Amino acid sequence: MALLAIMLLALGLRVGAPGVVEFKQDEANLSRYALDLTHGRAFPLWSIDSSVGIRNPPIAVYVMALPYLISSDPTLATAYVGLLSTIAVLLLYCVTRRYYGVRVALIAALLYAANPWAVFYARKIWDLLPLFIPLIVGSGLLAFIDRKRWAQVLHVPLLALGIQVHFGAALLIPITLFLIISGRRHLTRWFALSLVLSLLTTIPYAFGAAQLGYFDVSATLKRISASSGNTPHPIGFSLDGLQAAALLTAGTETYLPAVLQAYSDDPLMLPDSTAPLALRTGLGMWIVIGLSASVWLVIRTVRRRDARALIDVVVLLWAWITPLV
């Protein structure tokens, strides 16, 4: 009953009022590619521009073709993405329940279902990663911790598809490498099949990359450099990633996109902090909870080294790789 209530909450927040959504250039361009595919005008070999100056692979276009087969109304496409993000809540529950029990799974599903930033991005047509991430992590655990052969076949192809949906999924590669190394004694020939399937998923983008000239490494690096305004970005340590992760986890400052747009003409007039005290207090609380939980998992992993230790390491990697990178 509790799970049903959480799923109804997730569904209502993600699918209800689908017209209340940002629909800008990325959403419009991805929709145009999907309509070209569904109407037989073209078979896209790439998708919209990425933030690093090169085109994204076309997997997102293929996924988004389904709602545009029914209607060209982007409202339906928005509801479709919201439905996929709702399924992601259920997948997170299933993965968590298998390894940490019902109570932890319900808490995780509730936090994810109600997180304002998760809801905000669940209405973005280009953001399909929420569906793929629990599939990638869950299949990895099943493949290399539980030694399921079918999961060994699916895990790496799912990772390849996730990276092609959004390059940010590449940050899950360390989790995959850790799981493969940990379960290397139990690899089967089915794992070799998974590598072949992964390569097959990249065929459309390989043709597209060739047409775009991306195999010319020097030219591609220049294109990436130009996308950043030719400004060098030296590698160094910054708290920005940790701060952003804390904001996303706590669900605070969701008003920022609107505020930044309102002050776009005169950014110097942007208020130092427009967050209510309650939100800032909530942010501090979640930072304390997150750090405490991570420290506890590290201590438990070092002291016990039992069967759950590998799963705890995966959770730690899942939580900390993105903000640290």
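Keep in mind the model is a prediction, meaning the values are calculated, not measured. (Residues numbered from 1 in each chain as written. Predicted model: local features only at pLDDT ≥ 70, side-chain atom pairs only at ≥ 80, totals over all residues. Heavy atoms only, no water.)

Draft legend 1. Region of the structure containing the pattern of salt bridges. Counting across every chain of the model gives nine salt bridges. Residue K124 pairs with E22 through a salt bridge whose shortest N-O separation is 2.4 Å. Of this pair, K124 sits in the loop between α6 (116-122) and α7 (129-144) while E22 sits in the loop between α1 (2-15) and α2 (25-38); the two residues are 102 residues apart in sequence, bridging distant segments of the chain. For D146, the salt bridge identified is with R98, shortest N-O distance 2.7 Å. Of the two residues, D146 sits in the loop between α7 and α8 (149-165) while R98 sits in helix α4 (residues 74-100), which places them 48 residues apart along the sequence. (Salt bridge = Lys/Arg side-chain N within 4 Å of Asp/Glu carboxyl O. Helix = DSSP H or I, 4+ residues; strand = E, 2+ residues; numbered from the N terminus.)

Draft legend 2. Geometry of the environment of F167. Relative to the helices and strands, F167 is located in the loop between α8 and α9 (173-182). A relative accessible area of 29% places F167 in the partly exposed class. Sequence separation between F167 and S51 is 116 residues; the distance between their C-alpha atoms is 9.6 Å. With near-sequence residues (within four places) excluded, F167 lies in contact with S50, I54, R55, N56, P57 and Y205. (Buried < 20%, exposed > 50% of the residue type's maximum accessible area, 1.4 Å probe, protein only. Contact = heavy atoms within 4.5 Å.)

Draft legend 3. Quick peek at the packing of α4 against helix α5 (residues 102-114). Look at α4 against α5: their axes get within 7 Å of each other, and the N-to-C directions meet at 155°. Looking at the two axes, α4 sits roughly antiparallel to α5. Note on packing geometry: the crossing formed by α4 with α5 is right-handed. Contacts between α4 and α5 involve A88, V89, L92, Y93, T96, R97 and Y100 on the former and, on the latter, V102, V104, A105, L106, A108, A109, Y112 and A113. Its residues placed into classes, the contact of α4 with α5 shows 13 nonpolar, one polar and one charged. (Axes fitted to C-alpha atoms, helices over the stretch in contact; angles between N-to-C directions. Parallel < 35°, antiparallel > 145°, perpendicular 65-115°, else oblique. Left-handed = near helix turned anticlockwise from the far one by under 90°. Nonpolar A, V, L, I, M, F, W, Y, C, P; charged D, E, K, R; others polar.)

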